[in-house]
Amino acid sequence: MRKLVYFVAATVDGFIAAPDGSWDFFVLHDDVMAYMLERYPETVPTHIRGALGITVPNQSFDTVLMGRGTYEPALAEGVTSPYAHLRQVVFSRTMTASPDPAVRIVADDPVAFAEKLKQEPGRDIWLAGGGSLAGALLPAIDELVIKLNPVIAGSGIALASAGFHPHHLTLTDATPLPSGVVVLRYSTDRGAASVQ
């Protein structure tokens, strides 16, 4: 069965973006980009793949799930289909129509939608953000891949915004990079159960 994988950059204190939703304080170091290109090339937006020479087929994911706040920065730049090489789904209750035929807008329950997607054949599903969507999808997430940046933000958009309900994780891999970023891979209780 396909896995839902939350692949995201975060600060040491657990934030994925500033309070205004921006993430330009994360420095994309060469070693982090090299890691992404080797392990998760499909997480690089379509409009910059050519400039980086990315021509490899999708390795891990064939679908991306985003909240409206994650999708809107691309729209502000005039990019209506940021991951055209993937099946793109944006969860929003306020966007009623998609600005691009390649992007599906969904207002339904994200957990039920994700669980249905996971039953379909294909590669894993990438949850790109944001924090509210990740919080809603916690019961469906099988794996977290966190690019832990050596930054303390103090406040901002949390990794997963949800009420207090601890979800226990199992560390499956830790890859320290020379820049100080550590890529942490965790399996959720549900992901660990599906492996056994």
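Residues numbered from 1 in each chain as written. Predicted model: local features only at pLDDT ≥ 70, side-chain atom pairs only at ≥ 80, totals over all residues. Heavy atoms only, no water.

## Considering helix α4 (residues 110-119)
Selection criterion: Buried residues are those whose accessible area, probed at 1.4 Å on protein chains only, stays under 20% of the maximum for their type, while exposed residues exceed 50% and partly exposed ones sit between those limits. Strands here mean DSSP runs of E at least two residues long; helices mean DSSP runs of H or I at least four residues long; both are numbered from the N terminus. Think of the arc as the fan of directions from the helix axis to the C-beta atoms.
Of the residues making up α4, those classed as buried are Pro 110, Val 111, Phe 113, Ala 114, Leu 117 and Lys 118. The arc that holds the buried residues of α4, viewed along the axis, is 160°, so those residues lie on one side. Structural note: α4 exposes Lys 116 and Gln 119 on the side pointing more than 90 degrees away from its buried face.

## Notes on the sheet that holds strand β4 (residues 87-91)
Just so we agree on the cut-off: Any two strands are treated as partners once DSSP identifies two or more bridges connecting them. For helices, the fitted line uses only the C-alpha atoms of the stretch in contact; every axis is such a line through C-alpha atoms, and the angle between N-to-C directions lies from 0 to 180 degrees. Residues count as neighbours in contact if any of their non-hydrogen atoms are within 4.5 Å of one another.
Overall, mixed pairing links the eight strands, which are arranged β5-β4-β3-β6-β1-β7-β10-β9 in an open sheet. Two strands lie at the open edges of the sheet, namely β5 (103-106) and β9 (169-176), each paired on one side alone. Averaged over all pairs of adjacent strands, the angle between their axes in this sheet comes to 25°, without regard to strand direction. Pairing between strand β3 (residues 61-67) and strand β6 (residues 124-129): five bridges, direction parallel. The partner of Met 66 across the bridge, within β6, is Gly 129. Lying over the sheet, helix α3 (residues 68-76) contacts β3, β4, β5 and β6, oriented at roughly 95° with respect to β3.

## Examining the layout of surface pockets
Rule in force here: Using a grid of 1 Å spacing that covers the protein atoms alone, one calls a set of points a cavity when a 1.4 Å probe fits there but cannot get out, and a pocket when the set is open and has protein on both sides within 12 Å along at least five of seven lines; lining residues are those with an atom within 4 Å of a point. Grid points are joined across faces, edges and corners, and a volume is the space filled by probe spheres set on the points. Residue polarity follows a fixed list, in which Ala, Val, Leu, Ile, Met, Phe, Trp, Tyr, Cys and Pro are nonpolar, Asp, Glu, Lys and Arg are charged, and the others, Gly among them, are polar.
In this structure, the second largest pocket occupies an estimated 290 Å³ of space. What lines the second largest pocket is a set of 17 residues, and nearest its centre among them are Leu 138, Pro 166, His 167, His 168 and Leu 169. Broken down by class, the residue content of the lining of the second largest pocket amounts to ten nonpolar, five polar and two charged.

## Quick look at the pairing of strand β10 (residues 182-188)
If a strand is regular, its side chains alternate between the two faces of the sheet. Counted residue by residue, β10 has five buried out of seven residues, so it is predominantly covered. Bridge count between β9 and β10: seven bridges; the pairing is antiparallel. For Thr 175, the partnering residue across the bridge sits in β10 and is Val 183. Where β9 folds back onto β10 in an antiparallel hairpin, the turn is made up of five residues, including Gly 180, whose phi is positive at roughly 105°.

## Here's the deal with the packing of aromatic side chains
Inclusion rule: Planes of paired rings set the category: under 30 degrees apart is stacked, over 60 is edge-to-face and the rest tilted, where pairs are Phe, Tyr or Trp rings (Trp by its six-membered ring) whose centres lie within 6.5 Å.
Tallied over the full model, the rule gives eight aromatic pairs. Centre to centre, the rings of Phe 91 and Phe 113 are 5.5 Å apart; their planes meet at 85°, and the pair counts as edge-to-face. Taken together, the positions of Phe 91 in strand β4 and Phe 113 in helix α4 put the pair 22 residues apart, joining distant regions of the chain. What makes Phe 113 buried here is its relative accessible area of 10%. Taken together through their ring pairs, the aromatic side chains of Phe 7, Tyr 35, Tyr 40, Phe 61, Tyr 83 and Trp 126 make up a single cluster.

## So, the pattern of salt bridges
Put simply, the test is: Criterion for a salt bridge: a side-chain nitrogen of Lys or Arg within 4 Å of a carboxyl oxygen of Asp or Glu.
Inspection of every chain in the model, using the stated rule, returns eight salt bridges. A salt bridge links Arg 68 to Glu 72, with the shortest nitrogen-to-oxygen separation between them at 2.9 Å. Residue Arg 68 and its partner Glu 72 are located together in helix α3, separated by four residues, close to a single helical turn. A relative accessible area of 32% means that Arg 68 is categorised as partly exposed. On the accessibility criterion, Glu 72 (34% relative accessible area) is partly exposed. A salt bridge links Arg 87 to Glu 120; the nearest nitrogen and oxygen atoms lie 2.8 Å apart. Taken together, the positions of Arg 87 in strand β4 and Glu 120 in the loop between α4 and β6 put the pair 33 residues apart, joining distant regions of the chain.

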